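A closer look at the structure
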Amino acid sequence: MADIVKSIYDGWDDLTQDKYDRIVTDFEKFCSDAVRIVDKSLDLVPFIHNSPQKKINDFIIPHLFSDNPKPVTLLIHKTRQVGASTDLFSLEDFACMNIPSFRVRHIMPTEDESTQVFNNKFIPQLEGIHPDVLPLVTRRGNSVDFKRIIVDGTEAKRGDNDINLDSSIKFSSALIKGAGHGSTLNMVVLDEYAHYERTDKIEKGILATLAKDVIDKGGKRVKKKKNRVLTIYMSTANGHNKFYELYKAAQRGDSDIKYLFIPWHMMEEYQMEPKGRLKELTYLTEYELLLCDIFEKEGYHIQTWAPKLQFYDWVLKNEYQGDLSMMHANYPSYPEESFSASSQSVLPTQSLVRLRDKADEHISERGYFTVDSEAGKFDPFFEPDNRGNCTLFKRPVNGHKYIIGIDPTGGGYDGDPSAAVVIDLTTLDNVCSFHDEVDTIDLAETMIMLGKFYNNAILIPENNTGQPLIMELRDRGYTNIYRDPNKILRDMNAGRQSEFSITDYGIRMTSRSKDEAIRKARKLLLNNIYTDYDKDFIKEALQFVWMTTAAGNKKATAPKGEHDDRVMARLVALYTINIRKFKLDGK
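Since the model is a prediction, treat every value here as computed from it, not as a measurement.

**Things to note about the packing of helix α4 (residues 84–98) against helix α5 (residues 111–126)**
The N-to-C vectors of α4 and α5 enclose an angle of 60 degrees; their axes lie 10 Å apart at closest approach. Classified by the angle their axes make, α4 and α5 are oblique. Between α4 and α5 lies a crossing whose hand is right-handed. Each of T86, F89, S90, E92 and D93 in α4 lies in contact with α5, whose residues at this interface are V117, K121, F122, Q125 and L126. When its residues are assigned to classes, the contact of α4 with α5 shows four nonpolar, three polar and three charged.

This is how it looks when you write it as structure tokens:
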């Protein structure tokens, strides 16, 4: 049975009709005059919006209450502890009180979080609304129904002049199958979206339940009636995942996503009395000078600069013991900083971001490799085709030597894709990439064509699942396959001719060899020695993270539902590189 939600606080002012009308039509007035919240000091106070909350309201309200409603997607990238969720809870309540038949779904990463937020934050805030303003609201499970505004009726009996609402807010978990199903939705809030385990399933479920345009036959002409639909992604950063991709799409302007960033310095209370060098803004560090540039760009009064710098310096030293990475993750000054700092990327994030920017400027060509069957000789060439499985960045150069790292999954056409990368040993550039779901025979054929095309390149298969590929390559007469140099040296020292053993060819990826490959890749990337133009690889690499196994060990892998085959192809190739011949800066 549903319970009625009641206002639990006393001592409210009586409302005149004029004041009531202003409260229920003005969101800022509604919060300040009709909502009480418990602040960080555990005091009961009116809900007065801070600067970030005002920014969020200006961002959402024009779409929420538009006279010409249309579907809109909003992305709110927030700093911790700016009150964004508190503001959104009241905004959801306000919408359900003003828009009849308005359906809201608020989704948290897990079921525990959904229940805790609903019981410990959302409901207390709903109970903090002025009793003369709060409509008849019932609660069942993790949802509330806004029934009606009581005018001349009672909780038990509807009055003739009562105003029907029939609106609702439901909290649910991103982990529950079909979390968006069950009703047509007008507003979906994907809270802490960057921390969802699976974004693909939850989006498909939710998008299917968003209200669609309907045919209005009320007039002489049939026309579409636009529904009010808001999809709000709100989150702190959590590395370079799907939330980051939405941010990049919004920045590039190739989507309809509207983006808002809430940095720490927007909070007016994040200021402290400046001391020492900060009092006069002298002897500032490079990062503090950057902050001053940001403050100027944001239009903050110059008298607030030193207090803001003092706050930042104090938090850095006292809360995070000088750990800039933690500071950037929790108190980001600009968007990219929070994504990079919150990432547990195995490979250096800043280097990958730099590669991505370089890749945007580099001309590439999609296609596949083939041979002229009538030419009478095996002479592979590149055939441009947008549907091809290879991306060509640079053609072979006479005299240059090449290696090809291969991650053969062995999954065939119904399994995981195989990946390969061609690296120029002279420049240490990726000159060509391969990625496709193929069987061993077709993979061997393509690798041989790649090898022949790039000056009889050395093929380096990953040996764990690549032994069938190695056998196929040898059977087809391609013998320029990487072989363990320690095995060759042992045979030479023993004075015997090396016998063929399939386990000696390619790279067997054990935890030790994988760690060594990662170490080499990191050094080559940090020192700007290795260059890769493949944007799909860079995307994978940014999601290639350290995860903890059930046994408590660290493992470098892709998150659940993602792939790392392109990354593994690079690690296999770079494992064979002698990095001592390169000038390193100690990174």
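Now that the structure is up, let's keep going.
**Let's talk about the nonpolar core**
Core analysis: the biggest nonpolar cluster contains 74 residues, and F30, I60, L126 and V144 have the highest contact counts within it. With sequence-adjacent residues up to four places away left out, I60 is seen in contact with L74, I76, L88, L91, L230 and I232. Counting residues in hydrophobic clusters, the runner-up holds 36 residues, among them A521, M568, A569 and L571.

**Some thoughts on the packing of helix α17 (residues 535–542) against helix α18 (residues 565–575)**
Running from N to C, α17 and α18 cross one another at 95 degrees; their axes reach a closest spacing of 8 Å. On the basis of the axis angle, α17 is roughly perpendicular to α18. Packed against α17, whose contacting residues are D536, F537, E540 and A541, the element α18 presents D565, R566, V567 and R570 at the interface. Of the residues that constitute the contact of α17 with α18, the class distribution is three nonpolar, no polar and five charged.

**As for the packing of aromatic side chains**
Summed over the entire model, instances satisfying the criterion amount to 31 aromatic pairs. Judged by centre distance (6.3 Å) and plane angle (25 degrees), the rings of F27 and F30 are stacked. On the criterion of helical spacing, the pair formed by F27 and F30 is a turn pair, its members being three residues apart in helix α2 (residues 27–34). Here F27 and F30 have matching classes, each one buried.

**Brief notes about the pairing of strand β8 (residues 163–173)**
Sheet topology places strand β5 (residues 103–108) next to β8; six bridges connect them, and they run parallel. Its bridge partner being in β8, I107 is matched across the sheet by S172. Relative to β8, strand β7 (residues 143–149) is paired through six bridges, and the arrangement is antiparallel. The residue of β8 that forms the bridge with V144 is I169.

**Quick notes on the pattern of salt bridges**
The final tally for this structure, using the stated rule, is 20 salt bridges. Linking E155 and K6 is a salt bridge whose minimum nitrogen-to-oxygen distance equals 2.6 Å. With E155 in the loop between β7 and β8 and K6 in the loop between β1 (3–5) and α1 (17–25), this pair connects stretches of sequence that are 149 residues apart. Note on K6: relative accessible area 43%, which makes it partly exposed. We note a salt bridge from R570 to D534, for which the minimum N-O separation is 3.4 Å.

**Observations regarding unusual backbone geometry**
For Y283, which is not a glycine, the phi torsion comes out positive at approximately 55 degrees. Locating Y283 in the fold gives a position in the loop between β13 (258–262) and α8 (286–298). A relative accessible area of 75% places Y283 in the exposed class. Not every positive phi belongs to a glycine, and N528 is a case in point at roughly 60 degrees. Along the chain, the position of N528 falls in the loop between α16 (511–526) and α17.

**Here we look at the sheet that holds strand β19 (residues 429–436)**
Strand order in the open sheet formed by seven strands is β15-β14-β16-β19-β18-β17-β20, and the pairing between neighbours is mixed. Only two strands of the sheet have a single partner each, and these edge strands are β15 (381–384) and β20 (458–461). Across this sheet, the average inter-strand angle for adjacent strands is 30 degrees, counted without regard to direction. Both strand β17 (residues 402–407) and β20 contribute to a ladder of four bridges, which runs parallel. The partner of I404 across the bridge, within β20, is L459. Against the sheet, helix α13 (residues 440–453) engages β14 (365–370), β15, β16 (390–392), β17, β18 (418–424), β19 and β20, with an angle of about 165 degrees to β19.

What counts, and at which threshold
Residue numbering note: each chain is counted from 1, following its sequence as written. Owing to the predicted nature of the model, reporting of local features is limited to residues with pLDDT of at least 70; listing and counting of side-chain atom pairs is limited to 80 or more, with chain, interface and lining totals taken over all residues. Hydrogens are left out, water is left out, and the side-chain values use all remaining heavy atoms of the structure. Lines fitted to the C-alpha atoms define the axes, with helices restricted to the stretch that makes contact. Angles between their N-to-C directions range from 0 to 180 degrees. Only DSSP runs of H or I with at least four residues qualify as helices, and only runs of E with at least two residues qualify as strands; both kinds are numbered from the N terminus onward. By the definition adopted for this analysis, an angle is roughly parallel if under 35 degrees, roughly antiparallel if over 145, roughly perpendicular if from 65 to 115, and oblique otherwise. Definitions for this section: a left-handed crossing has its near helix turned counterclockwise from the far helix by less than a right angle. A right-handed crossing has that turn clockwise. Contacts were defined at the residue level, with two residues in contact if any of their heavy atoms lie within 4.5 Å. Under the scheme applied here, ten amino acids are nonpolar (Ala, Val, Leu, Ile, Met, Phe, Trp, Tyr, Cys and Pro), four are charged (Asp, Glu, Lys and Arg), and all others, including Gly, are polar. In this text, buried Ala, Val, Leu, Ile, Met, Phe, Trp, Tyr and Cys residues form a nonpolar core when linked through side-chain atoms within 4.5 Å. Relative accessibility under 20% of the residue-type maximum defines a buried residue, over 50% an exposed one, and the middle range a partly exposed one, all with a 1.4 Å probe and only protein chains included. Here the aromatic set is Phe, Tyr and Trp, taking the six-membered ring for Trp, and pairing holds for ring centres within 6.5 Å; pairs whose planes are under 30 degrees apart are stacked, those over 60 apart are edge-to-face, and all others are tilted. Two strands pair if DSSP finds at least two bridges between them. Salt bridge, as applied in this entry: a Lys or Arg side-chain nitrogen positioned within 4 Å of an Asp or Glu carboxyl oxygen.

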